[in-house]
Amino acid sequence: MSSEPPRAVRAYLRRVTCLIPPRAARVVRAELLGHLHLDMLNARVRGLDEPQAWAQAVRDAGPAPLTALRFARTYTLGLALRWLLAAGLLGGAAYALGTHTPPTPAPAAQVSR
């Protein structure tokens, strides 16, 4: 048994974490690799060889695009909402502190004689 996961597994991990911030992506990749490794070992116990077991573990984890969207929703939706809230608060504060000058009156119309 090799110490590093196959190239296909590393590619899968990169694809499922491509939409989340780098720090979170590292944590998610490590945790997901642990789950995939456990699933691979379970498949080995059922009689599959190592390459087949890794492939089965990845299939069981689900399609990369769908999994990536789930991780993005989990890890970035809160961030987006915080940014929107901060922008709203700052915009409201800027509006409240802004000086409101009355509009200048239009010039009087000149009447020709």
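The model shown is predicted, which means the values in this text are computed figures rather than measured ones.

## Concerning the overall build of the protein
Here is step 1: Per the secondary structure count, the protein includes four helices and zero strands.
Here is step 2: Along the chain direction, N to C, the helices and strands of the protein fall in the order α-α-α-α.
Here is step 3: Buried positions account for 23% of the 113 residues belonging to the protein.
Here is step 4: Partitioning the contacts of the protein with sequence separation of at least 6, the portion at a separation of at least 24 is 59%.
Here is step 5: For the protein, the exposed area adds up to about 8800 Å²; of that, 63% sits on carbon and sulfur atoms.

## Quick word on the side chain of Thr67
Here is step 1: Turning to its location among the elements, Thr67 is positioned in helix H4 (residues 64-97).
Here is step 2: Residue classification places Thr67 among the buried residues on the basis of a relative accessible area of 11%.
Here is step 3: Only 2.9 Å separates the side chain of Thr67 from the backbone oxygen of Pro63, close enough to count as a polar contact.

## Let's talk about the pattern of salt bridges
Here is step 1: According to the stated counting rule, one finds one salt bridge in the structure shown.
Here is step 2: Salt-bridge contacts for Arg10 lead to Glu4; the nearest nitrogen and oxygen are separated by 2.7 Å.
Here is step 3: Taking relative accessible area as the criterion, Arg10 reaches 28% and is therefore assigned partly exposed.

## Describing the nonpolar core
Here is step 1: Of all hydrophobic cores here, the largest spans 18 residues; its most connected members are Val9, Tyr12, Val16, Ile20, Leu32, Leu36 and Phe71.
Here is step 2: Mapped onto this core, the elements with two or more residues apiece are helix H1 (7-16), helix H2 (22-45), helix H3 (50-61) and H4.
Here is step 3: For Phe71, the contacting residues outside a window of four places in its chain are Val16, Ile20, Val28 and Leu32.

## Some thoughts on H2
Here is step 1: The first and last C-alpha atoms of H2 sit 34 Å apart over 24 residues, in line with the 34 Å expected at 1.5 Å per residue.
Here is step 2: Looking at H2, one finds that the buried residues are Ala24, Ala25, Val28, Leu32, Leu36, Met40 and Ala43.

## Quick look at the side chain of Thr17
Here is step 1: One can find Thr17 in the loop between H1 and H2.
Here is step 2: Ignoring any residue separated from it by four or fewer positions in sequence, one finds Thr17 in contact with Ala25, Val28 and Arg29.

## Some details on the environment of Ala61
Here is step 1: Here Ala61 is to be found in helix H3.
Here is step 2: In this structure the C-alpha to C-alpha distance between Ala61 and Tyr12, which are 49 residues apart in sequence, comes to 9.8 Å.
Here is step 3: Those residues in contact with Ala61 that lie beyond four places of it in its chain are Tyr12, Leu36 and Thr67.

## Structural notes on the packing of H1 against H2
Here is step 1: For the pair H1 and H2, interaxial distance at closest approach is 10 Å and the crossing angle is 135°. As judged from the angle between their axes, H1 and H2 are oblique. The element H1 and its partner H2 pack so that their crossing is right-handed. Listed contacts from H2 to Val9, Tyr12, Leu13, Arg14 and Val16 of H1 are Arg29, Leu32, Leu33 and Leu36.

Conventions and cut-offs
- Residues numbered from 1 in each chain as written.
- Predicted model: local features only at pLDDT ≥ 70, side-chain atom pairs only at ≥ 80, totals over all residues.
- Heavy atoms only, no water.
- Helix = DSSP H or I, 4+ residues; strand = E, 2+ residues; numbered from the N terminus.
- Buried < 20%, exposed > 50% of the residue type's maximum accessible area, 1.4 Å probe, protein only.
- Contact = heavy atoms within 4.5 Å.
- Areas by Shrake-Rupley, 256 points an atom, 1.4 Å probe, with all protein chains shown as cover.
- Polar contact = N/O pair within 3.5 Å; in protein donor to acceptor, adjacent residues only side chain to side chain.
- Salt bridge = Lys/Arg side-chain N within 4 Å of Asp/Glu carboxyl O.
- Core = buried A, V, L, I, M, F, W, Y, C linked by side-chain atoms within 4.5 Å.
- Expected span 1.5 Å × (residues − 1).
- Axes fitted to C-alpha atoms, helices over the stretch in contact; angles between N-to-C directions.
- Parallel < 35°, antiparallel > 145°, perpendicular 65-115°, else oblique.
- Left-handed = near helix turned anticlockwise from the far one by under 90°.

So yeah, pure geometry; function would need other evidence.
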